[in-house]
Amino acid sequence: TPATGEAKVSTVTGDKIVLGHVGSLTGNEATWGDTSDKGFKLAIEEQNKKGGIKGKKIELKTLDDQGKPEEAAVATTRLITQDKVSVLLGEVASSRSLAMAPLAESNLVPMISHASTNPRVTKDGSKTRSYVFRTCFIDPFQGTVMAKFTHENLKITKVAVLKDVGNDYSVGLSQFFTDKYKALGGSIIAEQSFKAGDQDFKAQLTSIKTKNPDAIYVPGYYTDVALIARQARELGMKQPLLGGDGWVSEKLFEIAKGALDGSYFSSHYSEDDPSPVVQEFIAKYKAAYNGSIPDAYATLGYDTARLTFDALERAKDLSGPSIRDAIEATKDFKVVTGSISFDADHNPVKSAVVLGIEKNKSKFAATVAP
Ligand code: PHE
């Protein structure tokens, strides 16, 4: 962390507080930028109706990074230098948040990722990034959740791993899953890799098929995973696929067309959760957005905006360092996806859910507490 004296500390001078969202509004992961933005906006509208914060209206400035880390860095710099944002929100993907985090840090602008689960986002080597926070669980936990579910609930003992080698999230999560699954007594009998955007996965799948695993762990993002599932079925493979929060998107089902039935993935929330906070949020979101159901990123976006407001209210002034201190001091703040207090590495301790896929739709299967 630079000493406060080295970077320019900026504060809010006008009559509004600007928040900056960096997200993938176009490209292969476009649903993530879109639903996250809807979640942020719903919370902002509610807050502005209540009079804003410290007498100022909240405004959201959203920039598209096209799903590319380089563009996320460009957008972050623009939001900091031109738009003078008070807090940066985003990204979903860890590879993009990793491009944003050093810029937040060096410019003393707090950043909260609502959905990046790779540990390195908030921790650079052994050092916690002082301006960077997240409101979702991290991959060592998400990997453990699926390893346990696979071993204990599905009672499966032989798994193949198919990972996206160009993606920090996919590489990390594969490792965390593998470590835990082996510790529980399971075997990883095949390992194959791909790169996001590949169209043909048949060589890797054919090689996996010869080993005959009981399931295939594919911690990729939804477009790739859906194509992988279809090609696996074309090759006559009947095994369930297993995955993580990269699967979260309505598009997963549109592309998979049923090929993922019988598969499972870990995520941040379930729309089937009967608890009143979840159901009230879903009702508000549906009313605001033409009946559409919030996905995990919309929900985490809404939660993160609300946590940001709470910190802005408590901050002793609206400078970056003061807002940072207030975010760090967040204690048991109740949100739709649980309750948030930050640990020493700026990660919350939260439960995960496992969703199963039936008839080309996801259904709640289990909640796993830390
Ligand atoms: N939580 C994931 C991450 O941190 C979301 C994601 C999955 C992004 C797969 C890209 C690909 O990166």
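Residues numbered from 1 in each chain as written. Predicted model: local features only at pLDDT ≥ 70, side-chain atom pairs only at ≥ 80, totals over all residues. Heavy atoms only, no water.

Moving on: the nonpolar core. In terms of nonpolar packing, the biggest core is built from 75 residues, with Leu19, Leu252 and Leu260 touching the most fellow members. For this core, the element with the highest residue contribution is helix 10 (residues 296-314), accounting for 10 residues. With sequence-adjacent residues up to four places away left out, Leu252 is seen in contact with Tyr222, Val225, Ala226, Trp247, Leu260 and Ile357. Of all hydrophobic cores here, the second largest spans 21 residues; its members include Met146, Ala147, Ala215 and Val368. (Core = buried A, V, L, I, M, F, W, Y, C linked by side-chain atoms within 4.5 Å. Buried < 20%, exposed > 50% of the residue type's maximum accessible area, 1.4 Å probe, protein only. Helix = DSSP H or I, 4+ residues; strand = E, 2+ residues; numbered from the N terminus. Contact = heavy atoms within 4.5 Å.)

Bringing the site of the ligand into the picture now. Around the ligand, the surrounding shell holds 14 residues, and the nearest of these are Ser94, Ala115, Thr117, Tyr169 and Asp245. Separating an oxygen atom of the ligand from a side-chain N or O atom of Ser94 is a distance of 2.5 Å. One of the side-chain nitrogen or oxygen atoms of Asp245 is found 2.8 Å away from a nitrogen atom of the ligand. For the ligand, the protein covers 99% of the area, taking 310 Å² as the surface of the free molecule. Residue composition of the shell around the ligand, by class: seven nonpolar, six polar and one charged. (Near = heavy atom within 4 Å. Polar contact = N/O pair within 3.5 Å; in protein donor to acceptor, adjacent residues only side chain to side chain. Areas by Shrake-Rupley, 256 points an atom, 1.4 Å probe, with all protein chains shown as cover. Nonpolar A, V, L, I, M, F, W, Y, C, P; charged D, E, K, R; others polar.)

Here we have seven strands laid out as an open sheet, ordered 9-8-10-11-12-15-16, and mixed in their pairing. Of all strands in the sheet, those bounded by a partner on one side alone are strand 9 (187-194) and strand 16 (361-368). Across the sheet, the mean angle separating the axes of adjacent strands is 25° when strand polarity is ignored. Sheet topology note: the strand 10 (residues 215-217)/strand 11 (residues 241-243) ladder contains two bridges and is parallel. Within the sheet, the bridge partner assigned to Ile216 lies in strand 11 and is Leu241. Here helix 4 (residues 139-153) sits on the sheet in contact with strand 8 (158-164), strand 10, strand 11, strand 12 (264-267), strand 15 (352-358) and strand 16, set at roughly 145° to strand 12. (Pairing = 2+ DSSP bridges. Axes fitted to C-alpha atoms, helices over the stretch in contact; angles between N-to-C directions.)

Once that is clear, we can look at the confidence of the model for the chain. When pLDDT is averaged along the chain, the result is 96, and 98% of the positions lie at 70 or above. On the interface metric, ipTM, the complex scores 0.96, and its pTM is 0.95. (pLDDT = per-residue confidence, 0-100.)

Right, let's talk about the side chain of Ser24 for a bit. Relative to the elements of secondary structure, Ser24 occurs in the loop between strand 1 (16-23) and helix 1 (30-49). Given the relative accessible area of 1%, Ser24 is considered buried. A distance of 2.9 Å separates the side chain of Ser24 from the backbone oxygen of Glu29, its partner in a polar contact. The contacts of Ser24, once residues within four sequence positions are left out, are Glu29, Ala30, Trp32, Gly33, Asp34, Asp64, Asp65, Gln66, Gly67, Glu91 and Arg96.

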